[in-house]
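Coordinate analysis (summary)
The lines below spell out each chain.
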Amino acid sequence: MTIDFYWRIGMGGDHATLRTPRRLNRGDWRGIHPGNLTPAIRAGERDSYSYIDHMAAVAKASESAGFVGGLLPSFPGTDDPWAAAAALARETSTYRFMVAFQPGFLHPLQAARMSASLQHATGGRLVYNIISGGGGPAQLWWGDKVAHDDRYRRTSEFLDVLKGVWGSAPFDYDGDFFSTEGAVLPPQLAETPFPEIYFSGSSGAAVNAAGTHADYYLSWLEPFADLRAKFDGVREHAARLGRRPRFAVRIDVLARHTAEAAWAEIAEGWQHVDRAAANRQAQGDSVGAGRIKGWVPENITDYTDLEVQPNVWCGFSLLRGGPAFGLVGSYEQVAERLDELIDLGVDAFILAGNPHLEEAYRVGEEVLPLLGRSRLGRAETTAGSVLGVA
Ligand SMILES: Cc1cc2nc3c(=O)[nH]c(=O)nc-3n(C[C@H](O)[C@H](O)[C@H](O)COP(=O)(O)O)c2cc1C
């Protein structure tokens, strides 16, 4: 069995440390000043080192630390993942680019041609993270007022067309959202491999569409028992359609030599947390975000209240925005939890840590080699055989 480990590439700046939350000083998202990594003020002038140079450093670091590729998220406040993937591909050799995008905002023919061109140029290193949007202000930024479940119908149509035009025969489609007549990619593009589909969303509509289209059903981390139940639901639904998707989880990791050292980082970052933010309502109609909120305690007195099971901490969103759940602990403890997730049915991980550059090396060198240890003696799997990496 091969498990794929991806890293996350921060697309909207990066924190130099979680101990000083919300201080994005890698990238120009929070102003340019001396001490900013990229760009910086040198001799009174803004230098030409751009954020894409920093992303390239993260991609190269995680590639050499053993990750098979990187997730490029997409939000109104980030760089564009398609453009970034095209630029970063030339900086790496085998690294795959998992481009997050909302199907509603691209015509599927445009997406098919862009994707196939990238496949052609990179030797097949494009992977999709199909996201259907979480409603609220981020959706309106795109001018998108389509209702929650209809967004998944649109996603499904989009993927039908994308797959349809990637063949050898002219393809016709007349749907509610997209149509095309006699469409087919030119042969040199059509012969490139169709990208793997990672598919996110926790709602019934998402599970329906994932059943038809997902190669990997992708979730944020949740308490393990809930994750298991969620995967069971997706597996059962897909089985009724004659399909067997694999499963992937996106996880923030804070691992250190000792558990004490890891929790000390959290404790220090916690001093800067805006407690009011802890109780703020998630905006939008995302069922997945609503599930997460349900596990965050109402009254938080200390960061320790947020450890919902050993090493599983749901306060990351308070330190740096983004998903709430992640793993905190010693290298061994984090590896054990990852092993448990593999036992639970996870086939691929997207890991992340701040700062993304240094933590890519740390997790790649200190945590991934320990995988499989906790099950040595009770299964044939070893660290070498679970990693889909050198
Ligand atoms: C692992 C993961 C990564 C996601 N990445 C993005 C992203 O980069 N941009 C975005 O707008 N939404 C992202 N989403 C949100 C999904 O698109 C979707 O809106 C959300 O899961 C709500 O769907 P639901 O109501 O079916 O749960 C992500 C979701 C997951 C689980």
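See the structure printed just above.
Thresholds applied
Residues numbered from 1 in each chain as written. Predicted model: local features only at pLDDT ≥ 70, side-chain atom pairs only at ≥ 80, totals over all residues. Helix = DSSP H or I, 4+ residues; strand = E, 2+ residues; numbered from the N terminus. Rg over C-alpha atoms; globule rule 2.2 N^0.38 Å. Buried ≥ 20, exposed ≤ 12 C-beta atoms within 10 Å, placed from the backbone. Contact = placed C-beta atoms within 7 Å. Pairing = 2+ DSSP bridges. Near = placed C-beta within 6 Å. Axes fitted to C-alpha atoms, helices over the stretch in contact; angles between N-to-C directions. Parallel < 35°, antiparallel > 145°, perpendicular 65-115°, else oblique. Left-handed = near helix turned anticlockwise from the far one by under 90°. Core = buried A, V, L, I, M, F, W, Y, C linked by C-beta atoms within 7 Å.

1. Brief notes about the overall build of the protein chain
Broken down by element type, the protein chain carries 15 helices and 17 strands. Relative to the compact-globule value of 21 Å for 390 residues, the protein chain shows a C-alpha radius of gyration of 21 Å, a close match. With the C-alpha coordinates of the protein chain rotated into their principal frame, the extents come out at 60 × 60 × 45 Å. Residue burial in the protein chain is summarised as follows: out of 390 residues, 45% are buried. A fraction of 68% describes how many contacts in the protein chain between residues 6 or more apart in sequence connect residues 24 or more apart.

2. Quick look at the pairing of strand β11 (residues 196-200)
Counting buried positions over the five residues of β11 gives four, a clear majority of the element. For strand β8 (residues 126-130) and β11, the ladder comprises four bridges, and the chain directions are parallel. Following the sheet pairing, N129 is matched in β11 by Y198. As judged from the three bridges shared by β11 and strand β12 (residues 216-220), these two strands associate in the parallel manner. Within β12, the residue paired with F199 across the bridge is Y217.

3. Considering the site of the ligand
Near the ligand lie 21 residues; those nearest to it are P73, I131, G201, S203 and G288. Listed by contribution, the elements that provide at least two residues to the shell around the ligand are β12 and α11 (287-295). The greatest single-element share of the shell around the ligand, amounting to three residues, is contributed by β12.

4. Concerning unusual backbone geometry
Between N354 and the following residue, P355, the backbone shows a cis peptide bond with an omega angle of -5 degrees. By secondary structure assignment, the location of P355 is in the loop between β17 (348-352) and α14 (356-367). Its identity as a non-glycine residue notwithstanding, N311 has a phi of 70 degrees, on the positive side. In this fold, N311 is placed in the loop between β14 (307-309) and β15 (312-313).

5. Section: the packing of helix α3 (residues 108-122) against helix α5 (residues 148-164)
In the contact formed by α3 and α5, the axes pass within 9 Å of each other and the chain directions differ by 50 degrees. Relative to α5, the element α3 lies oblique. Helix-helix and strand crossings are classified by hand; for α3 and α5 the assignment is right-handed. Across from P108, A111 and A112 in α3, the residues of α5 making contact are F158, V161 and L162.

6. Considering the nonpolar core
Counting 87 residues, the largest nonpolar core has Y6, L72, V99, Y198, A248, V253 and F349 as the members making the most contacts within it. Per-element accounting of this core gives the leading share, seven residues, to strand β13 (residues 246-256). In this structure, A111, A112, L162 and F171 belong to the second largest nonpolar core, which totals 11 residues.

7. Quick look at the environment of G164
Inspection of the secondary structure puts G164 in helix α5. Owing to 18 C-beta atoms within 10 Å, G164 belongs among the partly exposed residues under this scheme. Taking the C-alpha atoms as reference, G164 lies 8.5 Å from A183; in sequence the two are 19 residues apart. In this view, G164 contacts F171 and Y173; residues no more than four positions away in its chain are not counted.

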